[in-house]
Amino acid sequence: MAVTIEEKQYLVRFNCDTKSHLEVKNHDVCATKCPDKDCTIFCPADVYKWEGDRMFVGYEGCHECGSCRIGCPFENIKWEYPKGGHGIVFRLA
Amino acid sequence: MSEKFDVIVVGAGPAGTSCAYTCAKNGLNVLLIERGEFPGAKNVMGGILYRKQMEEIIPEFWKEAPLERPVIEQRFWFLDKESMVTTSYKGLEWGKEPYNNFTVLRAKFDKWFAQKAVEQGATLINETVVTECIVEDGKVIGVRTDRPDGDVYADVVVLADGVNSLLAKKLGFHKEWKPDQVALTVMEVLKLPKKTINERFNVGENQGVSIEIFGDATKGALGTAFLYTNQDSLNIGVGTTLSGMIKKKMKPHKLLNELKEHPMVKPYIEGGETVEYLAHLIPEGGYKAIPKLVGDGVIVTGDAAQFVNAIHREGSNMAMSSGKIAAETIVRAKEVNDFSERTLDVYRTTIYDSFIGKDLKKYKDAAHTFEEHPQYFEQYVPLMNQAMNTFFTVDGTAKWDKQKKIMKSLTAGRGKLGVAKDLYRAWKAVK
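Residues numbered from 1 in each chain as written. Chains lettered and ligands numbered in written order. Predicted model: local features only at pLDDT ≥ 70, side-chain atom pairs only at ≥ 80, totals over all residues. Heavy atoms only, no water.

### Some thoughts on the overall build of chain A
Condition: Per the convention used, a helix needs a DSSP run of H or I reaching at least four residues, while a strand needs a run of E reaching at least two, with both numbered from the N terminus. The atom set for the radius of gyration is the C-alpha atoms, and the globule formula is 2.2 Å times the number of residues raised to the power 0.38. Every residue pair with non-hydrogen atoms within 4.5 Å of one another is taken to be in contact. To measure how exposed things are, a 1.4 Å probe is used in the Shrake-Rupley method; for residues, cover is taken only from the protein chains shown. In this tally, Asp and Glu contribute negative charge and Lys and Arg positive charge; neither His nor the terminal groups of the chain are included. Working definition for charges: the position is that of NZ of Lys, CZ of Arg, CG of Asp or CD of Glu.
Helix and strand counts for chain A come out as four helices and six strands. Its C-alpha atoms give chain A a radius of gyration of 14 Å, within 12% of the compact-globule value 12 Å for 93 residues. With respect to the principal axes defined by its C-alpha atoms, chain A has extents near 40 × 30 × 20 Å. Long-range contacts, defined here as pairs at least 24 residues apart, represent 64% of the contacts in chain A between residues at least 6 apart. Entry remark: accessible area of chain A is about 4,500 Å², with carbon and sulfur atoms responsible for 51%. Treating the 12 positive side-chain charges of chain A as one cloud and the 14 negative ones as another, the clouds have centres 5 Å apart.

So this is what it looks like as structure tokens:
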């Protein structure tokens, strides 16, 4: 049974676009105003990773749930759908 | 792509496809736009599909739709760390026509359902994102897509674009959802032999079980977990309000791991092979979060309109009904060739008079009550377990003394008045 997020994500098919559909509007906000960085915890696919000085956004593994857009306390995430036919492809449920 | 349709439906989920199917069946020229590779590719649900509302669209659909199992038993578990209090209903009549509800895998089901709409005459385009509604003089006259020369026009645009509801938000029909108006849910599909599932869940061929789990599964946060039987797999998932997830600093996939490792859950899923991991939001803002539903040339349906009854885990059925009501409204509007907000408003009044409006109204304070007062999930579920343990452990203590001890422990934390208040508040929230 899949335990780590990497094992879980490996089971999902992604048809990645070359361009990110997620964008941190202002990286300074993450660096200076947001000590908790909740998105790095609640994102169900670990798309957001704090790299010490900058927020890394691994949009390729995004489930397109929308939690980051709604949950970011500074509304600092520009969130769009990936281009038609791209992004996550659920095969089962 | 500058052709004009009678109706453009955005999103081929239960709401959109129901609408497209019903419009096409009534002779309207319908375009159904789906952003996924195929209908279902972006759609997630724990897995319960209700017969009643689906049957109103396609009679006897169970004879050909890709369903998993008819649910003949609904179990409810109130989990503590190493124990649980359970209740359930099992009825064989649910295993026979016309059935009550089914487990389904959405990627398969939605694809089939959209194909049925195509058979009725709807045009389906996949792999196309609608980026905005085209508005002229305050009236929605079409949609802009991400295809080259991708503007398409119609008398009415139906927004069935799901929980994120970006298009209705852009029209100003609602503000961005708040973290307490959505539930973040993750699930896994676990492959297991059919025979193993039948034995573990004590059912026969083509009989299914749904289990709703409260308490320790969400660490006291407002939410539930579930375990549903498919033919040869299980759907296991857990979700809480996004606000609850943030407040408790929980990682969703770890919460799911803890559920899978829980001693009450583990024996049921042991040996299951994870074949898919999925995350999705559920709109759980309820009655008060319902956005503006109708404008000139536009109608909002399904998850995009917050039509989910979280207490009864009903959503796909409300989506289907809302899609059908939207279609019936549009068919009538077409007869008088008037697609103004005034004419389409029949949709809004019909929705509010239907089980959708009524059920959401019944529970309008429930989510808020249970979110604001975490004792229901944090304290009462463990107390239930302790009370059962005390009462049924034979240790030479007289039953009267046990009852006194239970009553004392029930009121120890919150006092007699506190418990009375909690009971009254809970009753008020769901009455």
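Here the narrative resumes, following the displayed structure.
### Quick word on the side chain of aspartate 46 of chain A
This is how the line gets drawn: We define a polar contact as two N or O atoms separated by no more than 3.5 Å, with the added condition that, inside protein, one atom must be a possible hydrogen donor and the other a possible acceptor, whereas residues neighbouring each other in sequence contribute only through side-chain atom pairs.
Looking at where aspartate 46 of chain A falls in the secondary structure, it is placed in the loop between helix H3 (39–42) and strand S3 (48–50). Side-chain polar atoms of aspartate 46 of chain A contact the side chain of lysine 251 of chain B, separated by 2.7 Å. In this structure, aspartate 46 of chain A is in contact with Ile5 and Thr40 of chain A together with Lys251 and His253 of chain B, ignoring residues within four places of it in sequence.

### Observations regarding the UniProt feature "domain: FixC-like C-terminal" (unreviewed entry) in chain B
How we decide: UniProt positions are given in the numbering used here, feature names are shortened, and annotations may be inferred rather than shown by experiment.
Under the UniProt annotation, "domain: FixC-like C-terminal" (unreviewed entry) lies at residues 367–430 of chain B. Between the first and last C-alpha atoms of residues 367–430 of chain B the distance is 10 Å; the span itself is 84% helix and 0% strand.

### So, the pairing of strand S10 (residues 151–159) of chain B
Residues and elements named next belong to chain B. What counts, and what does not: Whether a residue is buried, partly exposed or exposed follows from its accessible area with a 1.4 Å probe, protein chains only, as a fraction of its type maximum: under 20%, in between, or over 50%, in that order. The pairing criterion for strands is at least two bridges between them, as found by DSSP.
Buried residues dominate S10, accounting for seven of its nine residues. With six bridges joining them, strand S1 (residues 4–10) and S10 adopt parallel strand pairing. Paired with valine 9 across the strands is valine 158, a residue of S10. Pairing geometry for strand S9 (residues 139–145) and S10, over three bridges, is antiparallel.

### Quick look at the sheet that holds strand S5 (residues 84–90) of chain B
Residue and element names in this part refer to chain B. Just so we agree on the cut-off: The convention used is that axes are lines fitted to C-alpha atoms, helices contributing only their stretch in contact, and that angles between N-to-C directions extend from 0 to 180 degrees.
Judged by pairing direction, the sheet is mixed, and its seven strands sit side by side in the order S5-S4-S12-S13-S14-S11-S15 without closing on themselves. Two strands in the sheet have a free side with no partner beyond their single neighbour: S5 and strand S15 (273–283). Put simply, the sheet's adjacent strands are angled 15° from each other on average, direction ignored. Bridging between strand S11 (residues 182–191) and strand S14 (residues 233–241) involves nine bridges; their strand directions are antiparallel. Residue glutamate 188 lies in a different strand from S14, and its bridge partner there is isoleucine 236. Contacting S11, strand S12 (208–215), strand S13 (223–229), S14 and S15, helix H7 (residues 252–261) crosses the sheet at an angle of about 130° to S14. Sitting on the sheet, helix H13 (residues 375–392) touches strand S4 (71–79), S5, S12 and S13, and the angle it makes with S4 is about 100°.

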